[in-house]
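Listed below, chain by chain, are the residues.
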Amino acid sequence: MAPFYFLRHGEATWNAEGRLCGSTDIPLSDVGRQQARALGGRLQSLTVEALYSSPLSRALETARIVGEAIGREPVVDVRLVELDYGVWEGSTFDEVKRIYPEVYQAWDTDPADVAPPAGETGVHLVERVRPFLAEVAERHPLGNVVVVCHKTVCRLIACHIMGMPLRDYRRRVPMQNAALNIFEFASGQWRVLKLNDTTHLDSSRPAPGPSEAEF
């Protein structure tokens, strides 16, 4: 068994406001830092071979906090950056629907092949992340690798591994802040062992904002 622990970063300040972060570099909130510490505690007993992270500060700070718990420094990989939402970044869900109703409807129907204006499709994201998956599987055949990235990255990777239509990722794969996902690579194949696990988070944490529920 070669487990790879894919983590979504803790809550960012725009997450708390219900705004799309995408490729914009938004920092963690204080709640997000608490969530990152909880993730570190969850993984502290593991012997981890490597720690990788998106370069965006909300992921990298999460990775550094987790890294303190597991004794690893994060290695940055730009391929792990969140989906580029183009001109929608910084907007709320309601603003996007009001200002771009036709484009939003097309994207909502098929976010795999339709991009937000000046943004990126789900298919393009998977195409840039697939080489990373192949490389870490080859570089770390025994697994025990931690990867800190983003909501849409985790959702699309899960769909890709499970053979689900990428266009369904928003409807079928939930992914909360600081969620733990475990993917296994064995006999040349990836499979999903755990998805959107947040049992390490305190039950009193704030309820997810609009962007957490909708995007």
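As a reminder, the structure under discussion sits directly above these lines.
Residues numbered from 1 in each chain as written. Predicted model: local features only at pLDDT ≥ 70, side-chain atom pairs only at ≥ 80, totals over all residues. Heavy atoms only, no water.

Asks: Run through the overall build of the chain, naming residues and quoting values.
Replies: Within the chain, the regular secondary structure consists of nine helices and six strands. What you see for the chain is a C-alpha radius of gyration of 16 Å, in line with the 17 Å of a compact globule of 215 residues. Based on the C-alpha atoms only, the size of the chain along its principal axes is roughly 50 × 40 × 25 Å. A burial count over the chain gives 54% of its 215 residues as buried. Within the structure as shown, the chain displays about 9,400 Å² of accessible surface, and the carbon and sulfur contribution to it stands at 49%. Computed over 23 positive and 28 negative side-chain charges, the inter-centroid distance for the chain is 4 Å. (Helix = DSSP H or I, 4+ residues; strand = E, 2+ residues; numbered from the N terminus. Rg over C-alpha atoms; globule rule 2.2 N^0.38 Å. Buried < 20%, exposed > 50% of the residue type's maximum accessible area, 1.4 Å probe, protein only. Areas by Shrake-Rupley, 256 points an atom, 1.4 Å probe, with all protein chains shown as cover. Lys, Arg positive; Asp, Glu negative; His and termini not counted. Charge placed at Lys NZ, Arg CZ, Asp CG, Glu CD.)

Asks: Tell me about the sheet that holds strand E2 (residues 50-53), and name the residues and values.
Replies: Ordered in space as E3-E2-E4-E1-E5-E6, the six strands form an open sheet in which the pairing is mixed. Whereas interior strands pair on both sides, the edge strands pair on one side only; in this sheet they are strand E3 (75-76) and strand E6 (189-197). Relative to E3, E2 is paired through two bridges, and the arrangement is parallel. Residue pairing for E3: Ser53 is matched across the bridge by Val76. Packed onto the sheet, helix H2 (residues 30-43) meets strand E1 (3-8), strand E4 (145-149), strand E5 (180-186) and E6 and runs at close to 165° relative to E1. Against the sheet, helix H3 (residues 57-70) makes contact with E1, E2, E3 and E4, and its axis sits at roughly 165° relative to E2, the strand it touches most. (Pairing = 2+ DSSP bridges. Contact = heavy atoms within 4.5 Å. Axes fitted to C-alpha atoms, helices over the stretch in contact; angles between N-to-C directions.)

Asks: Describe the pairing of E6, naming the residues involved and giving the relevant values.
Replies: Sheet analysis places E5 next to E6, joined by six bridges and oriented antiparallel. Paired with Ile182 across the strands is Lys194, a residue of E6. Connecting E5 to the antiparallel partner E6 that follows it, the hairpin turn spans two residues, and Ser187 within it adopts a positive phi of roughly 55°.

Asks: How would you sum up the packing of aromatic side chains? Please name residues and give values.
Replies: Enumeration over the complete set of coordinates arrives at ten aromatic pairs. Summarising the aromatic geometry, the rings of Trp88 and Tyr100 are spaced 6.2 Å apart at their centres and angled 45° between planes, so their arrangement reads as tilted. On the criterion of sequence distance, the pair formed by Trp88 in the loop between E3 and helix H4 (93-99) and Tyr100 in the loop between H4 and helix H5 (101-109) is long-range, its members being twelve residues apart. Classification of Trp88 as buried rests on a relative accessible area of 0%. (Phe/Tyr/Trp six-rings, centres within 6.5 Å; stacked < 30°, edge-to-face > 60°.)

Asks: If you had to explain the side chain of Asn181 to someone new, which residues and values would you point to?
Replies: Within the secondary structure, Asn181 is located in strand E5. Within polar-contact distance, the side chain of Asn181 engages the backbone nitrogen of Asn196 at 2.7 Å. Not counting the four nearest positions on each side in its chain, Asn181 is found in contact with Phe4, Tyr5, Phe6, Cys154, Met175, Lys194, Leu195 and Asn196. (Polar contact = N/O pair within 3.5 Å; in protein donor to acceptor, adjacent residues only side chain to side chain.)

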